[in-house]
Amino acid sequence: MAERLLEQKAHATPTKRFFIDMITRDIGLQDCIFDLIDNSLDGAINGGARRTDDSGTKKFEGYWCRLTISGDKFEITDNCGGISLADAVDYAFHFGRPPKKPEDSTSGPHIGLYGIGMKRALFKMGKSILVKSHADHSFKVRIDVDEWAQKSDWDFDLDPIETSATKGTEISVEALRSGPKGEFADPVFINQLISDIAKYYSFFLLDGFEIKVNERPIKPYSFRMSKSDDIVPRNERYEDSNGLSVWITAGLAGELQDEDSDSTDPERALWGWYVLCNDRVVLAGDKTEKTGWGTGTGSDKFPAWHTQYNGFLGIVRFYSDDSNNLPWTTTKRDLDPTNQSYRQALVRMKAVAREFIYYTNARKAVLAQAKEAEQRAALVSVRELPLSSKIELPKFPSAPRIEYGNVAYTLAKSRIIRLAKALNMPGATYKAVGIATFEYVEQNEVGDDE
């Protein structure tokens, strides 16, 4: 009996339902759309739109992708070269990234290789899928998901179609699943998508790539930092021990904000660390342990993010021709904290952030001088900053040490607003109103004597 058991095999063949239902659960709808945009960008990179420096040359000029989204249908089209017939047969529709894909090591810094991303995105959205490609050959692939799931083989049929002068890819998804159907019909989702595309693809948009959503052109967010004689961001580039090219830029992004401003200031989401892999933003405005805040113990303890740091901007960019070496996860919206390249960069990131923290503490004693120095600085695009191995921030003569304490109390907003008007301070922050009331009472009840 034992010998008969040893002759048996445990079946490990994957099921189609696993790919249709399970692999789509761990990725958000917006991330699915990003995967498809990534594929368009990779097509442009394969066509020669490779960014090799920060010279200002718009390497993606002339390339575009357009998204049309409604509660009935999702479409994305591009002019980024399309999928070649050989890639379609051997790679693009394969479930997973086959090993030894010929151009993987030579075609440039990709962000979304035709692996699991495209199929995961399409299966997440709906059940009727049509992919058209115009490259060296023109063909279409039509997928009825439920019908395909019943077949024993995993292949898709390629059918020839009329050629097009525009070399690119057209994808449409109908018979939308209930979740995507509701999201696609929601203007709030569309507006948030547009805002996030502007942020996560900012460097590509600045390089000339054009993205439209429902005919609305996406304008990039411009990353800018303060620069003057006594304010210089750290802007260093190095090659790490794993062969990745890493660029860290960090400094002050305008005048530091009041400590209570982040509850109302729409800019608060823009501060913190941005982590990019091959120019694709992976983390945006991060203020968590992922980028070092609130980590460590004892003498190595690093403070958690505080509103005192509002105005800090840090950007770390990783570049590699082999995207497997980059410190991102498969959704490209999170980091692999065990990645050695990221761990090496994190040491430098925390060092420059600590210098910024020291400055925010010191400026409290000379607040008026600090604000004046910050206001004199010009905002300069990160692409135009000079190289600098350290951050420079205003320095002031040592002032007498003063022990500070916090005075805080909570009142109805209507009372604070009414008092602000009485003090001729309409629109002032709650903190400013609190300081004014303290000084008023101090002057009238205590006088000038300490």
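The notes below deal with the structure included here.

Rules and cut-offs
Residues numbered from 1 in each chain as written. Predicted model: local features only at pLDDT ≥ 70, side-chain atom pairs only at ≥ 80, totals over all residues. Heavy atoms only, no water. Pairing = 2+ DSSP bridges. Helix = DSSP H or I, 4+ residues; strand = E, 2+ residues; numbered from the N terminus. Contact = heavy atoms within 4.5 Å. Axes fitted to C-alpha atoms, helices over the stretch in contact; angles between N-to-C directions. Expected span 1.5 Å × (residues − 1). Buried < 20%, exposed > 50% of the residue type's maximum accessible area, 1.4 Å probe, protein only. Arc of directions from axis to C-beta. Core = buried A, V, L, I, M, F, W, Y, C linked by side-chain atoms within 4.5 Å.

Before going further, it helps to examine the sheet that holds strand β5 (residues 159–160). A sheet is described by the order of its strands in space; here 8 strands give the open sequence β5-β4-β3-β6-β2-β1-β7-β8, paired in mixed fashion. Strands at the two margins of the open sheet, each flanked by one partner only, are β5 and β8 (216–217). Where strand β7 (residues 210–213) lies against β8, 2 bridges are found, and the strand directions are antiparallel. Bridging from a neighbouring strand, V213 pairs with R216 of β8. The strands touched by helix α5 (residues 117–125) within the sheet are β2 (74–78), β3 (126–134), β4 (138–144) and β6 (168–176), with β3 carrying the most contacts at an inclination of about 140°. Strand contacts of helix α8 (residues 187–200): β1 (64–69), β7 and β8, with the helix running at about 170° to β7, the strand carrying the most contacts.

Now for helix α13 (residues 430–446). A turn of α-helix holds 3.6 residues, and therefore any two residues three or four places apart point the same way. Relative to the 24 Å expected for 17 residues at 1.5 Å per residue, α13 spans 23 Å between its end C-alpha atoms, a close match to the ideal helical length. Those residues of α13 that fall on the buried side of the exposure criterion are V433, A436 and T437. The arc that holds every buried residue of α13, seen down its axis, measures 95°, which confines them to one face. Residues of α13 that are exposed and angled more than 90 degrees away from the buried face: Q443 and V446. Looking at the buried positions of α13, the neighbouring elements they touch are α12 (413–422).

Core analysis: the biggest nonpolar cluster contains 102 residues, and I33, I37, L67, F74 and I211 have the highest contact counts within it. Every residue in contact with L67, bar those within four places of it in the chain, is listed here: I33, I37, F74, E75, I76, I211, K212, V213 and N214.

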